[in-house]
Amino acid sequence: MKSPISDANLEKLAAVSINTGLNLKKGQPLVITAPLNAQPLVRKLTEQAYKAGASLVTTIYTDEADTLARYQYGSDESFDVAPGWLFEGLGKAFTDGAARLAVAASNPMLLAEMDADKVSRANKAQSIAAKPAMQPIVTFQTNWNIISYPHVEWAKLVFPNVSEDEAMQKLADAILKISRVDGPDPVAAWAEHDEALHKRADWLNEQNFSALKYTGPGTDLTLGLADGHKWVGGSKVARNGVRCIANIPTEEVFTTPHKDRVDGTVSATKPLSYNGTLIENISVRFEHGRIVESSATKGESVLKKVLETDEGAARLGEVALVPHSSPISQSGLLFYNTLYDENAACHIALGQCYSECFDNAIKTDPEKVKASGGNESLIHIDWMIGSDKIDIDGIKQDGSTVPVFRKGEWAS
Ligand code: ZN
Ligand code: ZN
């Protein structure tokens with residue numbers, strides 16, 4: 001398999017993922033999940049992992065052709081089935097101390113032409129079955145990392161006006177630049193970036209805002225923050241004591257909104273690519289934390305279906321701040337990939353909250369997370385509400401306000 005990324009750059013990308021992202025420890029087992037087309041990167045990751053002292057690297061590959069075969073030939077009942085046994089095994093691996101590395105390199109439109117009902121049933125069955133594997137990840141019981149690799153169909157979507165080869169090349173270059181591995185010393189670049197993210201999170205934690213107020217075109221939103229919320233960003237120490245940077249790239253500082261204290265209207269500033277459907281110009285109105293009105297100029301029925309997934313699907317589980325000057329935003333590209341697009345702009349997420357975004361006294365107890373306003377859902381879907389026209393004020397516990405963002409940038 002030929003790679004659109006040179007050998008030297010693949011090595012750099014793999015080294016950043018293993019050493020900075022995962023911070024893999026000597027003797028630690030590693031589980032990699034990746035699509036088949038990412039094999040050139042997976043081989044470099046495996047090399048780097050063993051060089052770092054991995055005890056065993058286990059890779060689980062998925063193949064898009066196999067996924068399509070299910071839609072073409074699978075029985076109707078097939079769409080309610082998911083490999084629970086696999087996720088239980090993965091959950092055990094992570095709980096027992098294995099690190100987890102996911103390579104994201106898929107065709108965002110793979111299922112665009114498939115029966116929407118089957119897609120949503122398959123996703124639901126998968127989400128339910130995947131809980132034992134996801135739980136140790138979302139609660140950071142182990143160190144984990146997600147990194148991207150080009151995919152030809154993905155490249156053609158992002159760069160529609162050039163040849164296939166050129167699109168792949170451009171996507172490869174964008175991934176390297178945005179993942180901050182294009183410079184001479186990626187490790188130092190990440191250390192500096194990580195420190196900047198931590199400074200922002202520390203400032204927000206000192207302020208201890210009770211809510212954020214967003215104003216901009218189509219947006220007038222008061223977003224209450226959960227009791228005992230903590231802003232986090234960049235690296236964090238997982239519960240196994242390993243400091244890791246989960247997402248590469250990452251530009252966000254984020255925390256947990258209060259599931260019952262969000263009111264007003266908010267409009268998306270970028271389309272949301274969801275399972276092969278592009279949902280455009282989303283606008284929603286919240287009352288007491290719940291979305292009571294929703295519209296989109298394209299993909300509205302998919303949006304409404306998503307909101308009906310379960311009780312928590314129409315409430316927020318994450319709020320994130322990203323300046324408009326972030327490298328992804330400056331690229332001006334729409335990546336049709338959450339890992340990239342969510343790091344381009346301020347965003348909110350429907351659905352499940354991250355328990356890591358709470359005080360220590362709260363985060364280890366799911367009941368306390370819930371009582372503090374943390375939302376629960378099978379879904380977690382990020383969508384962008386930031387632009388160079390958005391102002392955000394922090395509302396303090398005493399009602400006074402502090403500028404946080406002005407015209408899409410940090411106010412101070
Ligand atoms: Zn986010
Ligand atoms: Zn998110």
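Residues numbered from 1 in each chain as written. Chains lettered and ligands numbered in written order. Predicted model: local features only at pLDDT ≥ 70, side-chain atom pairs only at ≥ 80, totals over all residues. Heavy atoms only, no water.

Observations concerning the coordination of the zinc ion (ligand 1)
Working step 1: Only Glu252 (OE), Glu318 (OE), Glu342 (OE) and His347 (NE2) from the protein reach the zinc ion (ligand 1) as donors, at distances of 1.9 to 2.3 Å.
Working step 2: Taken together, the 4 donor atoms coordinating the zinc ion (ligand 1) span angles of 79 to 148 degrees at the metal, a pattern that classifies the geometry as irregular.
Working step 3: Mapped onto the sequence, the donors of the zinc ion (ligand 1) take the spacing E-x65-E-x23-E-x4-H.
Working step 4: Separating the zinc ion (ligand 1) from the zinc ion (ligand 2) is a gap of 3.4 Å, which Glu318 spans by donating to each of them. (Donors = N, O, S within 2.8 Å, 3.2 Å for Na, K, Ca; no water. Tetrahedral: all angles 85-135°; square planar, octahedral: opposite > 155°, others 65-115°.)

Some thoughts on helix 1 (residues 7–22)
Working step 1: Compared with an ideal rise of 1.5 Å per residue, which puts 16 residues at 22 Å, helix 1 spans 21 Å between its outermost C-alpha atoms and is within 8% of the ideal.
Working step 2: Along helix 1, the helix axis deviates most sharply at Val16, where the bend reaches about 25 degrees.
Working step 3: Taken as a whole, helix 1 has its buried residues at Leu10, Leu13, Ala14, Val16, Ser17, Ile18, Thr20, Gly21 and Leu22.
Working step 4: Phi for Asn23, located one or two positions after helix 1, is positive at around 55 degrees. (Helix = DSSP H or I, 4+ residues; strand = E, 2+ residues; numbered from the N terminus. Expected span 1.5 Å × (residues − 1). Bend = angle between axes of the 7 residues up to and from the residue. Buried < 20%, exposed > 50% of the residue type's maximum accessible area, 1.4 Å probe, protein only.)

Quick word on the nonpolar core
Working step 1: Counting residues in each nonpolar core, the largest one holds 43 residues, and the members touching the most others are Tyr214, Leu223, Trp231, Ile282, Leu321, Trp383 and Ile392.
Working step 2: Here this core takes 4 residues from helix 10 (residues 300–307), the largest share from any one element.
Working step 3: The residues touching Leu321, leaving out its near neighbours within four places in the chain, are Leu204, Tyr214, Trp231, Glu251, Glu252, Val253, Cys346, Ile392, Val404, Phe405 and Trp410.
Working step 4: Judged by nonpolar contacts, the second largest core, of 35 residues, contains Val31, Ile146, Ala174 and Leu333. (Core = buried A, V, L, I, M, F, W, Y, C linked by side-chain atoms within 4.5 Å. Contact = heavy atoms within 4.5 Å.)

With respect to the coordination of the zinc ion (ligand 2)
Any two of four tetrahedral donors ideally make an angle of 109.5 degrees at the metal, while pairs among six octahedral donors ideally make 90 or 180 degrees.
Working step 1: Here the zinc ion (ligand 2) is held by Glu318 (OE), His380 (NE2), Asp382 (OD) and Asp382 (OD), and the distances to it run 2.0 to 2.6 Å.
Working step 2: Between the 4 donor atoms coordinating the zinc ion (ligand 2), the angles at the centre fall across 54 to 146 degrees, so the site counts as irregular.
Working step 3: Between consecutive donors of the zinc ion (ligand 2), the numbers of intervening residues give the motif E-x61-H-x1-D.
Working step 4: Look at Glu318 and you get buried, because its relative accessible area is 1%.

Some words on the packing of helix 1 against helix 2 (residues 39–51)
Working step 1: Where helix 1 contacts helix 2, the axes come no closer than 8 Å and their chain directions differ by 55 degrees. By the angle between their directions, the pair helix 1 and helix 2 is classed as oblique. The crossing of helix 1 and helix 2 is right-handed. Facing Asp7, Leu10, Glu11, Leu13, Ala14, Ala15, Ser17, Ile18 and Asn19 of helix 1, the residues of helix 2 in contact are Pro40, Leu41, Lys44, Leu45, Glu47, Gln48 and Ala49. (Axes fitted to C-alpha atoms, helices over the stretch in contact; angles between N-to-C directions. Parallel < 35°, antiparallel > 145°, perpendicular 65-115°, else oblique. Left-handed = near helix turned anticlockwise from the far one by under 90°.)

Considering the pairing of strand 2 (residues 57–62)
Working step 1: In this structure, strand 1 (residues 30–35) lies alongside strand 2, joined through 6 bridges in parallel fashion. Counterpart to Ala34 in the pairing with strand 2 is Tyr61.
Working step 2: Note that the unit made of strand 1, helix 2 and strand 2 has a crossover that is right-handed. (Pairing = 2+ DSSP bridges. Right-handed = clockwise from strand over helix to strand, strands pointing away.)

Observations regarding the domain arrangement of the chain
Where interface size is given, it is often the accessible area lost as the parts come together that is meant.
Working step 1: Once the domains are mapped, the chain shows domain 1 (7–178) and domain 2 (208–230 + 251–410).
Working step 2: Its C-alpha centre places domain 1 at a distance of 25 Å from the equivalent point of domain 2.
Working step 3: Taken residue by residue, the interface counts 24 residues in domain 1 and 18 residues in domain 2.
Working step 4: Summed over both sides, the interface of domain 1 with domain 2 buries roughly 1900 Å², with 68% coming from carbon and sulfur.
Working step 5: Where domain 1 touches domain 2, the interface holds 0 salt bridges.
Working step 6: Taken together, the links from domain 1 to domain 2 amount to 1 residue pair in polar contact (both at pLDDT 80 or more).
Working step 7: Looking at the side of domain 1 that touches domain 2, the elements with two or more residues in it are helix 5 (116–129), helix 6 (131–138), strand 4 (144–148), helix 7 (152–158) and helix 8 (164–178).
Working step 8: The element that contributes the greatest number of residues to the side of domain 1 that touches domain 2 is helix 5, accounting for 7 residues.
Working step 9: Partitioned by chemical class, the residues of the side of domain 1 that touches domain 2 number 16 nonpolar, 5 polar and 3 charged. (Domains from an automatic or database assignment. Buried area = accessible area lost by both parts, 1.4 Å probe. Salt bridge = Lys/Arg side-chain N within 4 Å of Asp/Glu carboxyl O. Polar contact = N/O pair within 3.5 Å; in protein donor to acceptor, adjacent residues only side chain to side chain. Nonpolar A, V, L, I, M, F, W, Y, C, P; charged D, E, K, R; others polar.)

What about the pairing of strand 3 (residues 99–104)?
Working step 1: Most of strand 3 sits inside the fold, with 5 of its 6 residues counted as buried.
Working step 2: Note that strand 1 and strand 3 share 4 bridges and pair parallel. Residue pairing in the sheet places Thr33 in a bridge with Ala102 of strand 3.
Working step 3: One ladder, built from 5 bridges, connects strand 3 with strand 4; its direction is parallel.

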